[in-house]
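Residue-level structural notes
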Amino acid sequence: MQPPLSVNDFLRSKKDDGFQKALHPIAFEFPRDHGAHPRFRNEWWYITGNLRDKNNRRFGFQFTLFRNALSAEPVNSESRWATSQVYLAHVALTDAQRKRHYSDERFARGALGLAGVDHTPFQAWLEDWRLVSEPIESCASCLRLRLEVDTDEFSLDLNLNNTKPVVLHGEAGLSQKSETKGNASYYYSYTRLQSAGRVTLNDVEYTVAGQSWLDHEWSTSSLQPDQVGWDWFSVQLSDQTELMLFQLRHELDSDQNFLYGTYVNAKGQTKQLNGSGFTVNATGSWTSPATGAIYPAGWTISIHDYAVKLWLTPLIPGQELSTSFTYWEGAVNVRGTKNNQSLQGQGYVELTGYH
Amino acid sequence: MKLRALMSLRFVRRHPWHGVLSIIGISLGISVVLAIDITNESARRALRLSNAAITSGSTHYIAGGPRGVDERFYTELRVKRRMRNIRPVVSGHVSLKGRRFVLLGVDPFAGIASGRFAQPGNDMFQLTTVHNAVLMLQSSAAELAIDVPATLTAEISGLAHDLRLIGVLQPENEIQQLGLRNVMLTDISTAQSILGMVGRLSRIDVDTDAPEKIKEQLPSGLTLIANDLRSRTTEQMTRAFHLNLTALSLLALVIGAFLIYNTMTLSILQRRETFALLRALGMTSKELFTDILLEALVLAALGLLLGSLLGVWFSTTLLRLVSDTINNLYFTIDVRSISVPPQSLLNAGVLALAATTISVSHPAWEAMRTSPAANALRSNVELEARLRLKYLSVCAVCLWCAAAALLLWTDRSIVAGFAALFLIIIGFALITPLLLLILLRLFVPVLDRQLGVIGRMAGRGVRACLSRTQIAVAALAIAISAVVGVSVMISSFRQSVEHWLDNFLRADVYIAQQQVHLQSGIDYRLIDSISVMPEVESVSTGRWTSVESESGVTQLFALDVSRKGFRSFQLKSADSDSIWPRFIAQDVVIVSESYAYHHDLGVGDVLTIPAEREKVKFEIAGIYYDYGTDRGVVTMHRDTYNRHWNDAAITSFALYLKQGIEADSFVDQLNQNQLVESTLRVRSNKTLREKSLQVFDRTFIITDVLRLLAIGIAIIGILSALMAIQLERAKEFAVLRAVGLGRGQLWALVTTESGLMGLIAGIIACPLGLIMAWVLILIINRRSFGWTMQFYFDPEPWITALLLSTAAALLAGLYPALRMIKAQPGLALKYE
């Protein structure tokens, strides 16, 4: 069967009629903006993280809830099933020791309580997969999350607590995806979530701890017709700094790739990086046996202003999601130098649009 | 061998009608059997395909109460109980350009992961967001001359709805392609609002290999049902109907077999001198037997070929009639194309060869058995025929005893019923010679008195050629009796239904929803406004619904009725007044006769029905006559229903008008003032009665067609048989002419003989027809449908039988008589 969906269907639409666009910076307000923004076409809540059990066994995990509005106007019907909001969730687990990658997905319409996102308190769910916040009265900037996901092969039950404040990417959260006005998203992250809980894989339970990353991004049109895909990097370094970088790849000319990044220092202050501020070079490649797509299998990243040089290596090469969209999303090990001091770290990389 | 083959061929060439008649006999019989087989198979196939397409290959489904499944329950299963492979469905019927479609409302997003109804591209998304969007097969759109996309005006429960055909369904294989022919796929929200089912689901489809686990989690009021069980029960619903058609078609084959038997016997008798010569020249009896059998099988093969072509051609006509009947009686199917399963052709081939072998083996055995010298003598044959009388008659009585035993020992088997019927028929065929002799003895004196010497000669002529005449008379008698039997059955059935309708339809005006799937029911305000009209004396309301359980679907009728209205139920054993107090106050139901029969239930038995909160035990207080459906109905008082189901919907109501108010004009008044919305059907007592009988008549068209085919075969049979007999006697007639019998006298002799045989066949057919009708009415129909019918005596079929058989026989005598009187006696003598 042909996959019913593709990234293009999701992110590049022919008609933007009636949808709001990310044109100007807005004043973010939490927890309101943790919730859904149904007047925009696309939205996602994205958690990735690196975990270890007490025997130092490594796991990478990903949980994503996508929201897609099929039309800008709410559907007018007396039926409670009627909605224009559709949700899709992806979950994946990388087992570094066994070199295995597991994934699962679910679809549901945003109706009848089958799937949805509320802001106060924040909770996002698709059927029984849920990401729920525990509000803490005394601490406005604190985020306490619990992620519960159960699939046939594995399950995650994790508590995620932020240790650094929210990071707004781009111009106060308005993240351009090309030079064209409106080809942008609203985008913020929690770059360091202290994570602890249980991973169950093939009926064996592991008590795990580690660091996670939360992205929340919404937009109406973020891809240009000539952009074929993107490489996205999140890196958590041992000096308590973080790095978010993406490059949107031009279909013909890599010089026309659109690069952007955010550097977060140990205190949580941010520095925006434009295309001239860093370089990303792919090293090696990996061919997916399932789809035949050829992905990069390692990267060197240089950030000129901070004299940072990083080598990123996937935990295992095969971290392609065999879901309705095909893309690569995987945990990476990071080694590097900063001002000639050695650095370690970990992160997550997302690769789309490879064939 | 070559020489022997040439001899057979030469005989056939000199007597072409022998061959032609054998082929006609076989081909007609086979064509009817094959046509019915193809029709039955095509109908079953259509049912299976549409079931498979609509259930989207799921293994089970969750069914709810009268109002379907509460949609909130679906969320609970998905979110709280973590059930994955479940899909909500809301479905109903839509008619578009005169064609009936199933409007199948699905949640495409629930189906994506399991690959159900997933459409590539954007059609699927648009289904959810475009108002009233639907998808159908490209081929279905093309058949209705619709270009995609298009706005269609479809009728749903009498109301016009604009649907937007936004794209085409893309079936994954040919089976889906066939099964989806009459399916319009839509989003579940569209289906809910168009079908008036907001908040409810028709069912929840489930894929599971552990049904027990799911059953444990279901709250009361919901049932998990296996899809193969459902298709089995739907197939079982029509099983009796298909079986009846098959049996009727086999009757045609039996008559056809008699035709072969008749012509083969004649052709052997005619060649007895040749055979005697061959035997004297050293041909073994085994060789002779083989030759005769081979000759017959060659004819059978030709007949089979012709019959197969005819059968396929017949089946296209029959298919429409059969699907009409199924649509009237059971459920909607759309069978447009016939498929000719190889198995059907194989069956037909085996039947043709078996029928031929059986019918020819006796005459061939006779030819083989006799000594070369004796075989030459015709008188020996006649002598033996008479000697066999006793033996045949004893056999006949044995067969009847076997039939009686079969009927006594079996209680419900339809096959046993038909087997008994066939035993009775064969028994009659065997006893025909005896009856023929007895009747001749009675008729000869009368003929003698009326017609003098010609009459006497005619009577004795028939008796003298007993070996030939008995077969012709038997074949004609059986064919005619089949006509009588089926006619009496249909007319008895019709009168039973008329009588029942007269009793049952006591109200003056009936108002009902056109489709029961509308869960919302009739607007109460309408009922209130009509019940206060000055013409209306009282109103009774009803709720038709069905409850699904693991054992199948139960039709429920909850009736808010007065004691007077309750009397319209004709109870089999109890009287309605005596059970009335319990009917209104306790968990007591009355069930229709067919329900009681199919579920083997009697008065006092307890019936368990899954109600909204729990399974409830109802006591059966009475069984009532009902010919409305053969699946059966459970009827309870509205108060009883309300105690167990939280459902106030009313789907029909009946008006009792005040004295002197004419029902038809009151209906006109309601319609003219547009008091009743178009989703409702308003009918006066008289119109409803007429419509019901029209449905009845339409249902029996297929039976009528088969009856006509049987008559056709019978007439051809008798024509051929009598023609053969009379032509064979050319020499005898030549002698008579030579000794001075005038042309007029010869004419009179031949036609009297023929007419006499026809009349006797008609007389024998009367009791046989009566017995057949009796078996059909009291055994077959009861076992098939669970109905008790009154046996109504109607003289018309009997008179028709006598006239038909005599007329057919006279017609058959015409040609030989003409030939005889034109023939030169000298020449006839010389060449014979």
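Keep in mind that this is a model prediction, so the values were computed, not measured. (Residues numbered from 1 in each chain as written. Chains lettered and ligands numbered in written order. Predicted model: local features only at pLDDT ≥ 70, side-chain atom pairs only at ≥ 80, totals over all residues.)

**With respect to the overall build of chain A**
Within chain A, the secondary structure is distributed over one helix and 25 strands. Its C-alpha radius of gyration of 19 Å places chain A within 12% of the 20 Å reference for a compact globule of 355 residues. In terms of overall dimensions, chain A has C-alpha extents of about 65 × 50 × 50 Å along its principal axes. Of all 355 residues assigned to chain A, the portion counted as buried reaches 46%. By sequence separation, contacts in chain A at least 24 residues apart represent 57% of the contacts at least 6 residues apart. (Helix = DSSP H or I, 4+ residues; strand = E, 2+ residues; numbered from the N terminus. Rg over C-alpha atoms; globule rule 2.2 N^0.38 Å. Buried ≥ 20, exposed ≤ 12 C-beta atoms within 10 Å, placed from the backbone. Contact = placed C-beta atoms within 7 Å.)

**Brief notes about the overall build of chain B**
Within chain B, the regular secondary structure consists of 30 helices and 20 strands. Within chain B, the fraction of its 832 residues that count as buried is 47%. Intrachain contacts of chain B at a sequence separation of at least 6 include 83% that bridge at least 24 residues.

**Things to note about the interface of chain B and chain A**
In this assembly, 21 residues from chain B lie in contact with 24 residues from chain A. Counting only elements with at least two residues in the side of chain B that touches chain A, the list comes to helix H3 (71–80), helix H4 (108–112), helix H5 (123–129) and helix H8 (188–194) of chain B. Class assignment of the residues belonging to the side of chain B that touches chain A gives a composition of 10 nonpolar, seven polar and four charged. (Nonpolar A, V, L, I, M, F, W, Y, C, P; charged D, E, K, R; others polar.)

**A few points about the environment of Leu505 of chain B**
Residues and elements named next belong to chain B. The residue Leu505 is located in the loop between helix H18 (466–504) and strand E12 (509–513) in this model. Under the C-beta neighbour-count criterion, Leu505 is labelled partly exposed, with 18 such atoms within 10 Å. When the C-alpha positions of Leu505 and Gly427 are compared, they lie 44 Å apart, and in sequence the two are 78 residues distant.

**Regarding unusual backbone geometry**
Residues and elements named next belong to chain A. Each neighbour pair has its own omega, and for Phe30 with Pro31 the value is 10°, a cis peptide bond. Its location among the elements puts Pro31 in the loop between helix H1 (7–11) and strand E1 (42–53). In this structure, Pro121 follows Thr120 across a cis peptide bond, with omega equal to -5°. If you trace the backbone, Pro121 turns up in the loop between strand E5 (115–119) and strand E6 (122–126).

**Describing the confidence of the model for chain B**
The share of residues in chain B with pLDDT of 70 or more is 86%, and the mean pLDDT across the chain is 80. Two summary scores accompany this predicted model of the complex, namely pTM at 0.72 and ipTM at 0.88. (pLDDT = per-residue confidence, 0-100.)

**Overview of the environment of Ala96 of chain A**
All names here are of chain A. For Ala96, the location among the structural elements is in the loop between strand E3 (85–95) and strand E4 (100–109). A residue is classified by how many C-beta atoms lie within 10 Å of it, and Ala96, with 18 of them, is partly exposed. Taking C-alpha positions, Ala96 is 21 Å from Thr64, a pair spaced 32 residues apart along the chain. Other than its neighbours up to four places away in sequence, Ala96 contacts Arg58, Phe59, Leu315 and Ile316.

**Considerations on the domain arrangement of chain B**
Residue and element names in this part refer to chain B. Domain boundaries in chain B define domain 1 (1–56 + 228–373), domain 2 (69–201), domain 3 (434–505 + 686–832) and domain 4 (509–660). Averaged C-alpha coordinates put domain 3 and domain 4 at centres separated by 49 Å. Listed by partner, the interface residues are 10 residues for domain 3 and 11 residues for domain 4. When its residues are assigned to classes, the side of domain 3 that touches domain 4 shows six nonpolar, four polar and no charged. (Domains from an automatic or database assignment.)

**Digging into the packing of helix H28 (residues 743–785) of chain B against helix H29 (residues 795–822) of chain B**
Residues and elements named next belong to chain B. At a minimum axis distance of 7 Å, the contact between H28 and H29 shows a crossing angle of 155°. Considering their axes alone, H28 and H29 lie roughly antiparallel with respect to each other. Both H28 and H29 take part in a crossing whose hand is right-handed. Class assignment of the residues belonging to the contact of H28 with H29 gives a composition of 20 nonpolar, nine polar and two charged. (Axes fitted to C-alpha atoms, helices over the stretch in contact; angles between N-to-C directions. Parallel < 35°, antiparallel > 145°, perpendicular 65-115°, else oblique. Left-handed = near helix turned anticlockwise from the far one by under 90°.)

**Quick word on the pairing of strand E25 (residues 341–351) of chain A**
Residue and element names in this part refer to chain A. Inspection of the sheet shows strand E14 (residues 227–237) paired to E25 by seven bridges, in the antiparallel sense. Counterpart to Asp231 in the pairing with E25 is Leu351. Pairing analysis gives 11 bridges linking strand E24 (residues 326–338) to E25, with the strands arranged antiparallel. Of the residues in E25, the one forming a bridge with Val332 is Gly347. Where E24 hands over to E25, the hairpin turn is made up of two residues, of which Asn339 adopts a positive phi near 50°. (Pairing = 2+ DSSP bridges.)

**Observations regarding the environment of Thr326 of chain A**
Residue and element names in this part refer to chain A. Structurally, Thr326 can be placed in strand E24. Linking Thr326 and Tyr354, residues 28 residues apart in sequence, is a C-alpha distance of 9.0 Å. When neighbours within four sequence positions are excluded, Thr326 is seen to be in contact with Thr291, Ala293, Glu320 and Leu321.

**A look at the sheet that holds strand E20 (residues 680–684) of chain B**
Residue and element names in this part refer to chain B. The strand order across the open sheet built from nine strands is E16-E17-E15-E18-E14-E13-E19-E12-E20, with neighbouring strands paired in mixed fashion. Every interior strand has two partners, whereas the edge strands, strand E16 (606–610) and E20, have only one. Pairs of neighbouring strands in the sheet enclose a mean axial angle of 30°, with direction left out of account. For E12 and E20, the ladder comprises five bridges, and the chain directions are antiparallel.

**Describing the confidence of the model for chain A**
For chain A, the mean per-residue pLDDT works out to 91, and 95% of the residues sit at or above 70. Segment residues 1–8 of chain A is flagged for pLDDT under 50; beyond a separation of four residues in sequence, or across chains, it makes 16 contacts in the model.

**Some thoughts on the packing of helix H16 (residues 414–451) of chain B against H18 of chain B**
Residue and element names in this part refer to chain B. Relative to each other, H16 and H18 sit at 135°, their axes nearing to 9 Å. As far as their axial angle goes, H18 and H16 are oblique. Every pair of crossing elements has a handedness; the one defined by H16 and H18 is right-handed. Residues Ile425, Phe428, Ala429, Thr432, Pro433 and Leu436 of H16 lie in contact with H18, whose contacting residues are Leu466, Thr469, Gln470, Val473, Ala474, Ala477 and Ile478.

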